[in-house]
Each structure stands twice: as structure tokens, then as C-alpha cells.
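# What the coordinates show
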Amino acid sequence: MKNLKVNIAGVELKNPVMTASGTFGSGREYGEYMDLNQLGAVVVKGVAITPWKGNPPPRIAETYGGMLNSVGLQNPGVEVFIEQDIPFLRQYDTKIVVNIAGKTIEEYCQVAERLADADVDLLELNISCPNVKEGGVAFGTDPRMVEKVTREVKKHSKQPLIVKLSPNVTDITEMAKAAEVGGADGLSLINTLLGMSIDIHKRRPVLAMGVGGFSGPAIKPVAVRMVYQVKQAVSLPIIGMGGIATGEDAIEFIMAGATAIAVGTAHFHNPRASLEVLEGIQEYMEKYKVQELKKIRGIIK
Ligand code: SIN
């Protein structure tokens, strides 16, 4: 039996497979297609201090090799999350990671503080959503801001704090280093790339907001490259994501330096995608006689 356990900032996951925030709701939608007990962790959609309506439709569009979204972090707010989603997820033997959203540093801190005594395992600070006017990527593209928001939220959080980075920057290692200096316990990368599609018949953008976040298999080489660069620049554990749909994809991220990986867009055409990724990792380990994942983590130098 191969050892699939991984440790992120002191939290042990039974395996490295997580769900990417925003692609899995709170897990409820997927419970009938798969056994949530098998996942290393469920990362829930961004949670804010108050309910957010999100952006007007259309806010999802298919593209070659992926999709665009501009959901705008629609969510019912942290109180509903605590009342309904935590008890649901706690029925399963999996870790709970809460992606936290805010329009201001204070709002991020309020969510972290509200969750301090909640039964969740990790927080993921969302300073990378490209679909909101305040907060999100507005905080994630300036290293001074990355450091500041990380430091402030850290003061209010009891659980380890993972900072989710945006690829929409010139040098992602600058943001990774800033998060590390600010006190982050780990990093997750990448969020979506800013993209756009135009309906040439209607002569207008496909998404109501014009631009949105591009995800899916087409972005995988960008994500692998960024995980690789960040691994060389900081010593924090990395959760790698961006276009992962198979076990082989996940192994690429692990060899680039990721401790855990998250499956996102693949869920929309295959609700069992994360479990198939897990099976694929196990098959790879069997085939190449890899006893534990740390033997291959970051082997690309
Ligand atoms: C969204 O809700 O707009 C996507 C979430 C994200 O990109 O973090």
C-alpha cells in the first residue's frame, strides 16, 4: 500500500487531492456522484462576511480547452456557511478548507475571526479573484498589499492561512515572497487567468462583465511553470492547481514542487474528476514504485 498522506502547514491530509474553490460549491452538489470521504480536502467557494449576489449573467462561457467565469464570488455569507455547510461537510472524513473573500482588509479579517472557533482545518485567503472590483485580485497584484493583507488576516485567524495567488502578474515569485514575509503558512496557485470571448454575431463580449477568469486544461503549462518558479523562491508548502484533469497532470504539479493539488474546472464535465485524479496518482505510484509522494515532490530543479 502506497503512502499518499501529505502535510500542509501541520494539517495532515489522507491524500493530496483537494477540490478547487468555486468549482465544488460546498460539496453538497457532488455528494451523489462521489464519496467525499475519499478526498484529501474540500475547498469551499469563497465565503464573505455578508451575502454577496455575484455578477449578472451570462457569467460562464465555454472556450477551447477551458472556460471563462465571472461569478463574482456569489455566496450566502459566513453565518449561513457556519450553520449549514460545516455540519454537512463534517459528516465526511475529509479536511475542510475555507476560501475567504472580502472587499477590504477589515472584511477578510472579520471572516477569519468569525471562523476562528469554527470546526474547519485551513483558511485560503482569496486575493486573486479577477471578477470583483474591490478585494480579490486588486490585493493580489501588489507585493506590499499581499504582505499587508496576509499579515493582518493572520492576526485574526486560528487556522493555518494559505494565500491563493493570481497568475495575472509579471512575476509570481514576488507575490509568493510577500505572502511568506506576511506570515502565510502555505500558498495555493494558480487562480484563473484574465480572459475574454466575443460573440461576433451579437458584437459584444460573451460574459456580461466583459472579461472573466480563464481556467481548464489550456492553462496547465502556465500553472506548472508558476508552481515550479514559486517552489524555487519560497519554502512554504504549495497547493498546485490549474487545468488538472488526470493523475498524470497531478504528478506534473508534484514534480514541480506542489505538496497537494486541487481539481477545479474538470468537475464541470466530470463530477468524479477528483477521484479519477486520485486513482491516476495511485496508478502512477504503483507503476513507478513510488512509496511516498515526497520522493517525487519538487524533483525538477
Ligand atoms: C468568482 O466567483 O468570480 C471566481 C472565484 C475566484 O476566481 O476566486
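This section reports on the structure supplied with the text.

### Overview of the sheet that holds strand β14 (residues 212-215)
- An order of β5-β6-β14-β11 is seen for the four strands of this open sheet, with the pairing classed as antiparallel. Pairing within the sheet leaves two strands with one partner each, and these edge strands are β5 (60-63) and β11 (193-195). Taken pair by pair, the neighbouring strands of this sheet meet at an average axis angle of 35°, ignoring direction.
- Looking at chain direction, strand β6 (residues 66-69) and β14 are connected through three bridges and run antiparallel. Residue pairing in the sheet places Met67 in a bridge with Ser215 of β14.

### Thoughts on helix α5 (residues 172-182)
- For α5, the full list of buried residues reads Ile172, Thr173, Met175, Ala176, Ala178, Ala179 and Gly182.
- Those residues of α5 that are buried are in contact with α3 (137-140), α4 (143-156), β9 (161-164), β10 (186-189) and α6 (220-233).
- Following α5 by one or two positions, Gly183 adopts a phi angle in the positive range, close to 105°.

### Focus on α6
- Between its first and last C-alpha, α6 extends 20 Å over 14 residues, near the 20 Å set by a 1.5 Å rise per residue.
- Contact partners of the buried residues in α6: α5, β10, β15 (238-241) and α7 (247-256).

### A word on the packing of α6 against α7
- The N-to-C vectors of α6 and α7 enclose an angle of 25°; their axes lie 8 Å apart at closest approach. Of the possible angle classes, the one that applies to α6 and α7 is roughly parallel. Here the hand of the crossing between α6 and α7 comes out right-handed. Residues Lys220, Ala223, Val224, Val227, Tyr228 and Lys231 of α6 lie in contact with α7, whose contacting residues are Asp249, Glu252, Phe253 and Ala256.

### Let's talk about the packing of helix α1 (residues 78-89) against helix α2 (residues 105-115)
- The N-to-C vectors of α1 and α2 enclose an angle of 25°; their axes lie 10 Å apart at closest approach. With respect to α2, the axis of α1 lies roughly parallel. Between α1 and α2 the crossing geometry is right-handed. For the pair formed by α1 and α2, the contact residues are Val78, Glu79, Phe81 and Ile82 on the first element and Val111, Arg114 and Leu115 on the second.
- Each residue belonging to the contact of α1 with α2 can be placed in one class, and the counts come to five nonpolar, no polar and two charged.

### Points about the site of the ligand
- Every residue close to the ligand is listed here: Lys45, Asn69, Val71, Gly72, Leu73, Asn126, Cys129, Pro130, Asn131 and Asn191.
- In this structure, Val71 approaches the ligand through a main-chain N or O atom, which is 3.3 Å from an oxygen atom.
- Here an oxygen atom of the ligand and a side-chain polar atom of Asn126 are 2.9 Å apart.
- Here the ligand loses 93% of its free accessible area of 260 Å² to cover by the protein chains.
- Residues that form the shell around the ligand fall into these classes: four nonpolar, five polar and one charged.

Quick notes on the rules
- Residues numbered from 1 in each chain as written.
- Predicted model: local features only at pLDDT ≥ 70, side-chain atom pairs only at ≥ 80, totals over all residues.
- Heavy atoms only, no water.
- Pairing = 2+ DSSP bridges.
- Helix = DSSP H or I, 4+ residues; strand = E, 2+ residues; numbered from the N terminus.
- Axes fitted to C-alpha atoms, helices over the stretch in contact; angles between N-to-C directions.
- Buried < 20%, exposed > 50% of the residue type's maximum accessible area, 1.4 Å probe, protein only.
- Contact = heavy atoms within 4.5 Å.
- Expected span 1.5 Å × (residues − 1).
- Parallel < 35°, antiparallel > 145°, perpendicular 65-115°, else oblique.
- Left-handed = near helix turned anticlockwise from the far one by under 90°.
- Nonpolar A, V, L, I, M, F, W, Y, C, P; charged D, E, K, R; others polar.
- Near = heavy atom within 4 Å.
- Polar contact = N/O pair within 3.5 Å; in protein donor to acceptor, adjacent residues only side chain to side chain.
- Areas by Shrake-Rupley, 256 points an atom, 1.4 Å probe, with all protein chains shown as cover.

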